[in-house]
Amino acid sequence: MVTEKAAVPNKNTLSMFLAIFQKYSMYFFLVIIMLAFQILSNGILLKPLNITNIILQNSYILILSIGMVILIILNEIDLSVGSITAFVGALSAILSIKMGLPTILSVIICLLVGAAIGAFQGFWVSIVKVPSFIATLAGMLIFRGLTIVVLDGKSLAPYPKSFQIISSGFIPDLLKGGGLHLFTLLIAAVIAVLYVLSAINSRKKKISFGSPVESNVMFLVKNILVIIILGWFAYVMAQYEGFPNVLIILAILILVYRFITNQTTIGRHVYATGGNEKAAELSGINTKKIKFLMFVNMGLLSAVAGIIFSARLNAATATAGNGFELDAIAACYIGGASASGGVGTVLGAIIGGLVMGVLNNGMSLLGIGVDWQQAIKGFVLLLAVAFDI
């Protein structure tokens, strides 16, 4: 009897750790590959300059993955995001360089055009019932062709400084820290406090509604880990130029879309539609409207990615955005989205995108050729989906 009683806690503890690993497997995998490349690159991977490069090089893919994961939850897909990115980039160059419009006006027009393109594709998918694979494949060809037409097959550069700063600029150090970007540390401290308060408030609400919550120990450990990681990241960034502007844009988008998917009626309707569209319709959800709006949203985010990519490249080219759709889709599946719809998170897609980004950067630091990089990324995608299944 004594032996049986002693075995129960061990079994429960093992089950708890297995459940935690299953829930946060991609987070563990990201940490493992970062540590591996940090060792193999002799400490270069986690240097402030290189971390900044990883953020700048992958920001537009991460932005696309936010919209893409919502479509995948809906059991839809968008193959045109790379072409829309290129088209909006070309439009931004024409507005800013050729026509000399102010940067703010150019950005607003580009965002509206991106939303209109999303509405165009959403019409074919939600109203005409054309499969999203076909509709967006057509969109990929249409907008790639239009990009070549408007640019006349040439590159258009350079952008005004006010436009370039969208992607290449950093938040100023208002505290004048000298060698250390103190304003970045202050921002991180405020974020940490807000995160802890939000976590405590969310936990209290779940308890009041009788919903299951994690143990006090797990809650405390999770929050301490988040604060430590945030503090380390902020300190590393503060040693260089601080937080780049594009990171602030990305962080705002993550917070907004995480709130929409987790806390709003629209978010619940997205998951319900993706899980079982027939049942969602019978329960009174306007699935056509939901799909239409999410394609509009994808067009809008594609425009954001196009603006950021063009600003970073400081040029609009007809080949911009090639392969972006595949990288965004891969990020979603690596981050835990299901190919059958109804499953996925914004944060998971971001983690999946970071896994791909760190792999790219780490392999480049080690001098691995592009050919092998593609093969390894494909193998990682296959393993991630197989593990999720």
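Use the structure listed above.
Each chain carries its own residue numbering, running from 1 in the direction its sequence is written. This being a predicted model, a pLDDT of at least 70 is required before a residue's local features are given, and a value of 80 or more before pairs of side-chain atoms are given or counted; all residues contribute to the totals for chains, interfaces and linings. Derived side-chain values reflect all non-hydrogen atoms in the structure, with water molecules and hydrogen atoms excluded from consideration.

Enquirer: Got a minute to help me understand the packing of helix 14 (residues 324-334) against helix 15 (residues 346-365) in this structure?
Expert: Packed helices, taken two at a time, are described by the angle between their axes plus the distance between the axes. Between N-to-C directions, angles span 0 to 180 degrees; the directions come from axes that are lines fitted to C-alpha atoms, helices contributing only their stretch in contact. Every helix listed is a DSSP run of H or I at least four residues long, and every strand listed is a run of E at least two residues long, numbered separately from the N terminus. One way to put it is that helix 14 packs onto helix 15 with a least axis distance of 7 Å and a crossing angle of 115 degrees. Crossing angle aside, the handedness with which helix 14 passes helix 15 is right-handed. Taken together, the residues of helix 15 that come into contact with helix 14 (itself represented by Ala 330, Ala 331, Cys 332 and Ile 334) are Gly 348, Ala 349, Gly 352, Gly 353, Val 355 and Met 356. Residues were grouped as follows: Ala, Val, Leu, Ile, Met, Phe, Trp, Tyr, Cys and Pro as nonpolar; Asp, Glu, Lys and Arg as charged; and all remaining residues, including Gly, as polar. Its residues assigned to classes, the contact of helix 14 with helix 15 comprises seven nonpolar, three polar and no charged. For a crossing to be left-handed, the near helix must be turned anticlockwise from the far one by less than a right angle; the clockwise case is right-handed. Here, two residues are considered to be in contact whenever any of their heavy atoms come within 4.5 Å of each other.

Enquirer: Hey, could you run me through empty space enclosed by the protein in this one?
Expert: Leftover empty space is mapped by rolling, across the atoms, a probe with the size of a water molecule. Only protein atoms enter the 1 Å grid, on which a cavity is a set of points fitting a 1.4 Å probe that cannot get out and a pocket is an open set with protein on both sides within 12 Å along at least 5 of 7 lines, lining residues being those with an atom within 4 Å of a point. Grid points are joined across faces, edges and corners, and a volume is the space filled by probe spheres set on the points. Applying the stated criterion across every chain yields a total of one cavity of 30 Å³ or more. In terms of lining, the largest cavity is formed by Thr 85, Ala 86, Gly 89, Ala 90, Phe 309, Ser 310, Ala 315, Ala 316, Thr 317 and Ala 320. Only helix 4 (81-98) and helix 13 (287-313) provide two or more residues apiece to the lining of the largest cavity. At four residues, the largest contribution of residues to the lining of the largest cavity is made by helix 4. A breakdown of the residues in the lining of the largest cavity according to their chemical character gives six nonpolar, four polar and no charged.

Enquirer: What exactly am I supposed to notice about the nonpolar core here?
Expert: The nonpolar side chains of a soluble globular protein tend to be buried with one another. The criterion is simple. A nonpolar core is a set of buried Ala, Val, Leu, Ile, Met, Phe, Trp, Tyr and Cys residues joined through side-chain atoms within 4.5 Å. Here the term buried applies to any residue with accessible area under 20% of the maximum for its type, exposed to any over 50%, and partly exposed to those in between, with areas from a 1.4 Å probe on protein chains only. Among the nonpolar cores identified, the biggest contains 78 residues, and Ile 63, Ile 66, Met 68 and Val 69 are the most heavily contacted of them. Among the elements that line this core, the one with the most residues is helix 3 (residues 48-73), at 15 residues. Apart from residues lying up to four places away in sequence, Val 69 is in contact with Cys 332, Ala 337, Gly 344, Thr 345, Val 346 and Ala 349. One finds Leu 30, Ala 330, Met 356 and Val 380 within the second-largest nonpolar core, a separate group that totals 16 residues.

Enquirer: In this structure, what is going on with unusual backbone geometry? I would like to understand it.
Expert: In terms of backbone geometry, most residues other than glycine have negative phi values and most peptide bonds are trans. With omega at -10 degrees, the peptide bond leading from Ala 157 into Pro 158 counts as cis. Along the chain, Pro 158 turns up in the loop between helix 6 (132-151) and helix 7 (161-168). For Asn 75, which is not glycine, the phi dihedral falls at a positive 65 degrees. Mapping Asn 75 onto the fold places it in the loop between helix 3 and helix 4. Phi angles above zero are rare outside glycine, and Asp 152 is one such case at about 55 degrees. Along the polypeptide, Asp 152 turns up in the loop between helix 6 and helix 7.

Enquirer: Would you take a moment to explain the layout of surface pockets for this structure?
Expert: Estimated volume of the second largest pocket: approximately 620 Å³. Forming the boundary of the second largest pocket are 28 residues, of which Asn 58, Asp 327, Asn 360, Gln 374 and Lys 377 lie nearest the centre. Elements with a minimum of two residues in the lining of the second largest pocket: helix 3, helix 13, helix 14, helix 15 and helix 16 (370-388). Here the lining of the second largest pocket takes seven residues from helix 14, the largest share from any one element. Grouping the constituent residues of the lining of the second largest pocket by class yields 13 nonpolar, twelve polar and three charged.

Enquirer: What is the right way to look at helix 7 in this model?
Expert: Side chains that are three or four residues apart share a direction in an α-helix, a result of its 3.6 residues per turn. Turning to helix 7, its buried residues are Phe 163, Gln 164, Ile 166 and Ser 167. Here the buried residues of helix 7 occupy an arc of 140 degrees about the axis, which is enough to place them on one side. Summarising the contacts, the buried residues of helix 7 are in contact with helix 3, helix 4, helix 5 (103-127), helix 10 (245-263) and helix 13. The reported arc concerns the directions from the helix axis to the C-beta atoms and nothing else.

Enquirer: Mind showing me how you'd approach the environment of Asn 360 here?
Expert: Mapping Asn 360 onto the fold places it in helix 15. Between the C-alpha atoms of Asn 360 and Gln 57, which are 303 residues apart in sequence, the distance is 9.9 Å.

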